[in-house]
Amino acid sequence: PISIADEIAKGNVQKALLLLRHALLNGLQPVLINAAIAGKIRSIIKVNGMRMKNMTPKDIAMAPWQVDKLSHIARLWDEKAMSKAINIVAELDYQVKGGSKNVHYALEKAVIQLCRLI
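Calculation notes
Residues numbered from 1 in each chain as written. Predicted model: local features only at pLDDT ≥ 70, side-chain atom pairs only at ≥ 80, totals over all residues. Heavy atoms only, no water. Axes fitted to C-alpha atoms, helices over the stretch in contact; angles between N-to-C directions. Helix = DSSP H or I, 4+ residues; strand = E, 2+ residues; numbered from the N terminus. Parallel < 35°, antiparallel > 145°, perpendicular 65-115°, else oblique. Left-handed = near helix turned anticlockwise from the far one by under 90°. Contact = heavy atoms within 4.5 Å. Nonpolar A, V, L, I, M, F, W, Y, C, P; charged D, E, K, R; others polar. Expected span 1.5 Å × (residues − 1). Buried < 20%, exposed > 50% of the residue type's maximum accessible area, 1.4 Å probe, protein only. Arc of directions from axis to C-beta.

Asks: Explanation requested: the packing of helix α2 (residues 13–25) against helix α6 (residues 103–115) in the structure shown.
Replies: In a packed pair of helices, the relevant descriptors are the angle between the two axes and the axis-to-axis distance. Running from N to C, α2 and α6 point in directions that differ by 160°, and their axes come no closer than 10 Å. Considered as vectors, α2 and α6 are oriented roughly antiparallel to each other. Crossing of α2 over α6 shows right-handed handedness. For the pair formed by α2 and α6, the contact residues are Val13, Ala16, Leu17, Leu20, Arg21 and Leu24 on the first element and His104, Leu107, Glu108, Val111, Ile112 and Cys115 on the second. Residues belonging to the contact of α2 with α6 are distributed by class as follows: nine nonpolar, one polar and two charged.

Quick look at the structure:
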């Protein structure tokens with residue numbers, strides 16, 4: 001699921017959907033996929049917040065290598081995109097935890113929406 005989230009963070013919709021479908025076909029639980037996506041979005045927000053407020057990786061509970069790895073991707077996400085991403089992930093969380101009759105569709109829809117934010 002981490003690779004799905006990585007492709008979403010880069011805005012690579014085709015690769016993210018391919019990885020998502022592969023994961024689902026192999027029995028990966030939608031809740032775990034959503035958790036990985038939410039974690040990636042949260043990390044992007046932390047890194048961007050750190051840069052805006054002149055904080056250190058320690059201030060956001062991340063290792064310096066994690067921040068370095070994510071910095072170039074985080075720059076692709078502006079405040080509006082991050083705000084929308086939070087809402088998309090929150091809705092997806094509801095959907096995968098019983099709010100949707102078709103969880104696979106909900107995941108695909110969220111992946112597309114997230115990738116199109118950047």
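Don't stop here, the text continues.
Asks: Looking at this structure, I do not really get α6. What am I missing?
Replies: The α-helix winds at 3.6 residues per turn, so residues separated by three or four positions along the chain end up facing the same way. Between its terminal C-alpha atoms α6 stretches 18 Å, which fits the 18 Å expected from 13 residues at 1.5 Å a residue. What α6 keeps buried is the set Ala106, Leu107, Ala110, Val111, Leu114 and Cys115. Along α6, the residues classed as buried sweep out an arc of 155° about the axis, all on the same side.

Asks: Could you clarify how one ought to interpret the environment of His104 in this entry?
Replies: Along the chain, His104 falls in helix α6. Spatially, the C-alpha atoms of His104 and Glu79 are 28 Å apart, while their sequence positions differ by 25 residues.

Asks: What is the right way to look at the environment of Ala38 in this model?
Replies: Turning to its location among the elements, Ala38 is positioned in helix α3 (residues 30–52). Here the alpha-carbon distance between Ala38 and Ile4, two residues 34 residues apart in the chain, equals 11 Å.

Asks: What is the right way to read the packing of α3 against helix α4 (residues 64–74) from this model?
Replies: Their axes nearest at 9 Å, the elements α3 and α4 cross at an angle of 90°. The orientation of α3 relative to α4 falls into the category roughly perpendicular. Packed against α3, whose contacting residues are Lys40, Ser43, Ile44, Val47, Asn48, Met50 and Arg51, the element α4 presents Val67, Leu70, Ser71 and Ala74 at the interface. Its residues assigned to classes, the contact of α3 with α4 comprises six nonpolar, three polar and two charged.

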